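Geometric and topological summary
Spelled out, the chains give:
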Amino acid sequence: MSRSRAVQAGVLLASVAVLVAACGGGPDGAGGTSQAAGAPASGIPDTAAIVQGVQKDAQLNAGLPDTVKQAGLHLASNLQSAPNNFYAADGKTPIGYEVDLAKAIAAKLGVAVTHQDMAFGSLITSLQSGRIDLTMAGMNDTKARQAQIDFVDYFTSGITIMIRKGNPDGITGPDTLCGKNVAVVQGTSHQKFAEAQSTKCTQAGKPAVTVTATDSDNQNQNQLRTGRVAAILNDLPSAVYISRTAGDGKFFEVVPGEPIEGGPYGIGVNKQNTPLRDAVQKALQALITDGTYGKILQAWGVEQGAIKEAAVNGGS
C-alpha cells in the first residue's frame with residue numbers, strides 16, 4: 001500500500017460510520033448492494049442489477065479446480081477500507097467496488113464467493129497455506145510480493161488531488177500546486193510527492209509548495225473546508241469516496257486525470273494454483289470487454305482507476 005492501512009482505515013471508518021448507518025445491502029453472494037427502499041444512500045450505489053446480469057462461462061467453469069467447483073471461492077479481505085471493501089449498516093454485509101468485482105468474477109466462473117474479514121498482514125500467509133483461495137484488499141502488486149504470490153491486476157491506484165467544490169484555487173494538476181498550501185498525512189508517499197513537487201516548482205522559478213503534514217485525513221479535510229489549504233493529496237479510491245460523501249458531495253471534488261505515480265492493485269492467488277489464477281484472469285478480462293467492469297467502477301465513482309487489460313503480475 002502507498003500509505004499506512006491503519007491510518008487509512010481509522011479515518012475512513014470514522015467518515016463512513018454515519019454515512020452507511022441509513023443504508024443496507026443484500027446478503028453476500030446475492031449480487032451487489034441493494035437498498036431497502038430501492039434508492040441508494042449517499043455514496044452507496046445500487047449495483048445489484050449489474051452483478052446479477054453476469055452470465056456464467058461454462059468453459060471457464062470447466063477449467064476450475066474441483067475444490068472451487070464444489071465449495072466456491074473463499075476470498076479474504078481487510079474489510080475496513082471504503083470504497084474498496086467495508087461493511088454495510090448491518091455490520092456484517094461486505095460492500096464496495098472490490099466486493100462487486102469479486103461477485104461478478106465468481107458469477108462469470110459459475111461459482112459462489114464468500115468473503116472473510118482478515119488482518120491485512122495475514123492475507124499472503126493465508127494464501128500460501130491454502131486457507132483461502134483469493135485475496136482482494138487494495139493490495140499493491142509489487143515485485144517483492146510476486147515472489148510470494150501471483151496477482152491478477154484489476155485496478156490502478158495512485159495519488160489524487162482533492163480540492164474544494166468548484167475549484168476556487170484553480171488547481172488542475174501537480175504543476176498548479178506551486179505557491180499553494182497542500183495538506184498530507186505525515187510519513188506517507190503523498191508527503192514525499194508534495195515535497196518533490198515543491199522542489200520541482202522552485203527549480204522552475206515558481207513559488208514552492210507549502211506542505212502541511214498532519215496526523216489524519218480528518219484534520220486535512222477540516223483545513224481544506226476552511227480554506228487553510230488549497231488541496232489534499234490522497235489515494236484515488238479514498239479521495240473519490242470522501243468527495244462523493246462528505247457533506248453529501250457538496251464539500252470537495254477530485255481533480256480529473258490519471259492517478260499520480262499509479263500502480264496496480266492485484267487479486268492475490270497461490271503461486272501453485274495456476275488454473276485458478278488463469279480462470280480469474282480470463283473472467284475479469286471478459287468483464288472488462290463486455291463493459292460490466294466499467295459499470296461497477298463507474299457506479300462507485302472510481303472509474304479513473306480502470307484498467308484495459310487484466311494482466312498477471314503486471315506490477316513493478
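Rules used throughout
Residues numbered from 1 in each chain as written. Predicted model: local features only at pLDDT ≥ 70, side-chain atom pairs only at ≥ 80, totals over all residues. Heavy atoms only, no water. Salt bridge = Lys/Arg side-chain N within 4 Å of Asp/Glu carboxyl O. Helix = DSSP H or I, 4+ residues; strand = E, 2+ residues; numbered from the N terminus. 1 Å grid on protein atoms, 1.4 Å probe; cavity = no way out; pocket = protein on both sides within 12 Å on 5 of 7 lines; lining within 4 Å. Points joined across faces, edges and corners; volume = space filled by probe spheres on them. Nonpolar A, V, L, I, M, F, W, Y, C, P; charged D, E, K, R; others polar. Core = buried A, V, L, I, M, F, W, Y, C linked by side-chain atoms within 4.5 Å. Buried < 20%, exposed > 50% of the residue type's maximum accessible area, 1.4 Å probe, protein only. Contact = heavy atoms within 4.5 Å. Phe/Tyr/Trp six-rings, centres within 6.5 Å; stacked < 30°, edge-to-face > 60°.

Under the definition given, this model contains 6 salt bridges. The partner of K69 in a salt bridge is D66, and the shortest N-O contact between them spans 4.0 Å. In this pair, K69 and D66 are both assigned in helix α4 (residues 66-71), 3 residues apart and thus about one turn of the helix distant.

With that out of the way, let us pick up empty space enclosed by the protein. For the structure shown, the criterion picks out 1 cavity of 30 Å³ or more. Of the volumes computed, that of the largest cavity is approximately 40 Å³. Secondary-structure elements contributing two or more residues to the lining of the largest cavity are β1 (73-77) and α5 (97-109). Looking at side-chain class alone, the lining of the largest cavity contains 9 nonpolar, no polar and no charged residues.

Next up on the list: the nonpolar core. Buried together is how nonpolar side chains tend to be arranged in soluble globular proteins. Core analysis: the largest hydrophobic core is formed by 56 residues, its most contacted members being L73, Y97, L109 and Y154. If you list the elements that add at least two residues to this core, you get β1, α5, β6 (150-164), α10 (236-245), β10 (252-254), β11 (260-269), α11 (274-290) and α12 (292-300). Other than its neighbours up to four places away in sequence, L73 contacts V68, A106, L109, V111, A112, V113, T114, D133, L134 and L276.

So, on to the packing of aromatic side chains. One pass over the structure, following the stated rule, counts 6 aromatic pairs. Measuring from centroid to centroid gives 6.2 Å for F86 and W300, while their planes differ by 80 degrees, and the two rings are edge-to-face. In this pair, F86 is assigned in strand β2 (residues 86-87) and W300 in helix α12, connecting sequence segments 214 residues apart. The same class applies to F86 and to W300, which are both buried.

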